[in-house]
Amino acid sequence: MPAHGQGHQVMLDQGSPGPHASLRRALRLLEAVDRHPYGASLADLCRESALPEPAVRDLVSLLCEEGYLQKVDDGWVLGGTFAMLGQYNREQLIRIRLHHKLAELRDELGAAVYFSRYHDGELRVEAVAEAEHAPAVHEWVDFKATAHASAIGKCLLSQLDHDGRLDHLSRHPIARLTSRTITDTEQLMHRLERQPATMPMLDLQEYALGTVCAAVPVTAGSTVGCLATSLPAGNAHRLRAAAELLAERAAPLMLAMAV
């Protein structure tokens, strides 16, 4: 591990005998950061590495310079250099970036935000950014089984071909969740087939009474995905503008996730 001057090296090695003391400290620090995928604070690192604060600060500075750590709002996360070391770390970096971008979008909208994919024949909500002022939808029925009623599900189904939609509905039969749920398969299929690719998919209390949602497609290679947001029904007048913002952010989000 490079050092910036003799005084710097002495500080890092203080209290730890042997020629590899700085390396060992750096490894312990990286292990501590790895246990905090959403950001390890200075206090976290001092406590978990058992290092004094000055040594932690110096090591963090060095590791950031080398790309092994990255500064975020809540502290530090593993940096982009780890993307070169193996697939697991690449995927972790992508997840971290996704969560941070969704959190930014949540705060901009003032509403919960979701990223979902259709993978191996199932709907998967990959990430949710929620807060006290922006609560997520209560999953009172498994989202995977209710694609016909949610904005997320209908947006994902609309990106499948005709046979793919029929296959999904054969495995997850349509059920009435509220008085607004579409329960006729032909009607649902007709609506999905006529859905313009540039228009958001809406859920106006079809999955849960008191909640409205909007979802827009996310296109990246073969990914069948979507960005979505949810609002209390009393804020339904905000849904269209929220959907337009989601559509604007979809492409930048996928670029930010690329490593």
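Criteria and thresholds
- Residues numbered from 1 in each chain as written.
- Predicted model: local features only at pLDDT ≥ 70, side-chain atom pairs only at ≥ 80, totals over all residues.
- Heavy atoms only, no water.
- Axes fitted to C-alpha atoms, helices over the stretch in contact; angles between N-to-C directions.
- Helix = DSSP H or I, 4+ residues; strand = E, 2+ residues; numbered from the N terminus.
- Parallel < 35°, antiparallel > 145°, perpendicular 65-115°, else oblique.
- Contact = heavy atoms within 4.5 Å.
- Nonpolar A, V, L, I, M, F, W, Y, C, P; charged D, E, K, R; others polar.
- Buried < 20%, exposed > 50% of the residue type's maximum accessible area, 1.4 Å probe, protein only.
- Phe/Tyr/Trp six-rings, centres within 6.5 Å; stacked < 30°, edge-to-face > 60°.
- Lys NZ or Arg CZ within 6 Å of the ring centre and 35° of its normal.
- Pairing = 2+ DSSP bridges.
- Salt bridge = Lys/Arg side-chain N within 4 Å of Asp/Glu carboxyl O.
- 1 Å grid on protein atoms, 1.4 Å probe; cavity = no way out; pocket = protein on both sides within 12 Å on 5 of 7 lines; lining within 4 Å.
- Points joined across faces, edges and corners; volume = space filled by probe spheres on them.
- Left-handed = near helix turned anticlockwise from the far one by under 90°.

I would appreciate a short explanation of the packing of helix α2 (residues 21-34) against helix α4 (residues 53-65) in the present structure.
The angle between the axes and the distance between the axes are what describe a pair of packed helices. With their axes 10 Å apart at the nearest point, α2 and α4 run at an angle of 85° to one another. Taken together, α2 and α4 sit at an angle that is classed as roughly perpendicular. Each of Ser22, Arg25, Ala26, Leu29 and Leu30 in α2 lies in contact with α4, whose residues at this interface are Ala55, Val56, Leu59, Val60 and Leu63. Per-class residue counts for the contact of α2 with α4 are eight nonpolar, one polar and one charged.

How should I be thinking about unusual backbone geometry in this particular structure?
With glycine set apart, most residues show a phi of negative sign, and most peptide bonds adopt trans. Despite not being glycine, Ala50 has its phi angle at roughly 60°, a positive value. Assignment of secondary structure puts Ala50 in the loop between α3 (42-49) and α4. A positive phi is found at Asp120, a non-glycine position, where the angle reads about 55°. By the element assignment, Asp120 lies in the loop between β3 (112-119) and β4 (122-129). Given a relative accessible area of 64%, Asp120 falls into the exposed group.

What is the right way to read the packing of aromatic side chains from this model?
For any pair of aromatic rings, geometry is given as the distance between the ring centres together with the angle between the planes. Going through the model one piece at a time under the given rule, you end up with two aromatic pairs. Between Trp140 and Tyr207, the ring centres sit 6.3 Å apart and the planes meet at 55°, which makes this aromatic pair tilted. Taken together, the residues span a long stretch of sequence, with Trp140 in the loop between β4 and α6 (151-158) and Tyr207 in the loop between β5 (201-204) and β6 (211-220) at a distance of 67 residues. For Trp140, a relative accessible area of 45% puts it in the partly exposed group. Tyr207 sits in the buried class, given a relative accessible area of 2%. When the ring centre of Trp76 is taken as origin, the NZ or CZ atom of Lys71, which lies over that ring, is 5.2 Å away.

It is not clear to me how the pairing of β4 should be interpreted in this structure. Could you clarify?
Within a regular beta strand, the side chains point alternately toward one face of the sheet and then the other, so they alternate between its two faces. Here seven bridges tie β3 to β4, and the two strands are oriented antiparallel to one another. Counted as the bridge partner of Tyr118 is Leu123 from β4. Between β3 and β4, which follow one another and run antiparallel, lie two residues, and Asp120 among them has a positive phi close to 55°.

It is not clear to me how the pattern of salt bridges should be interpreted in this structure. Could you clarify?
Side-chain pairs of opposite charge can arise where the charged atoms are in close proximity. A complete count under the given rule lists 13 salt bridges for this structure. In this structure, Arg57 and Glu53 form a salt bridge, with 3.1 Å as the shortest nitrogen-oxygen distance. In this pair, Arg57 and Glu53 are both assigned in helix α4, four residues apart and thus about one turn of the helix distant. Note on Arg57: relative accessible area 47%, which makes it partly exposed. Linking Asp107 and Arg106 is a salt bridge whose minimum nitrogen-to-oxygen distance equals 2.9 Å. Since its relative accessible area comes to 46%, Asp107 is described here as partly exposed.

Would you mind going over empty space enclosed by the protein with me for this structure?
Empty space left among the atoms is revealed by rolling a probe the size of a water molecule over them. All chains considered together, the criterion is met by one cavity of 30 Å³ or more. Counted as a void, the largest cavity has a volume near 130 Å³. Counting residues per element, the ones that place at least two in the lining of the largest cavity are β4, α6, β6 and β7 (223-232). Per-class residue counts for the lining of the largest cavity are 11 nonpolar, four polar and one charged.

How do you make sense of the pairing of strand β2 (residues 75-78) when you look at a structure like this?
Direction of pairing for strand β1 (residues 69-72) relative to β2: antiparallel, over a ladder of four bridges. Bridged to Leu69 within β2 is Leu78. Connecting the antiparallel pair β1 and β2 is a turn made up of two residues.

Looking at this structure, I do not really get α3. What am I missing?
Since the α-helix turns once every 3.6 residues, residues separated by three or four places project in the same direction. Turning to α3, its buried residues number three or more, namely Leu42, Asp44, Leu45, Cys46 and Ser49. Looking at the packing, one finds that the buried side of α3 touches α2, α4 and β2. Just downstream of α3 lies Ala50, where phi reads positive at about 60°.

What is the right way to read the packing of helix α7 (residues 162-171) against helix α8 (residues 185-194) from this model?
Look at α7 against α8: their axes get within 11 Å of each other, and the N-to-C directions meet at 145°. With respect to the hand of their crossing, α7 and α8 are arranged in right-handed fashion. Residues His162, Arg165, Leu166 and Leu169 of α7 touch α8, and the partners they reach there are Thr185, Leu188, Met189, Leu192 and Glu193. For the contact of α7 with α8, the residue count by class is five nonpolar, two polar and two charged.

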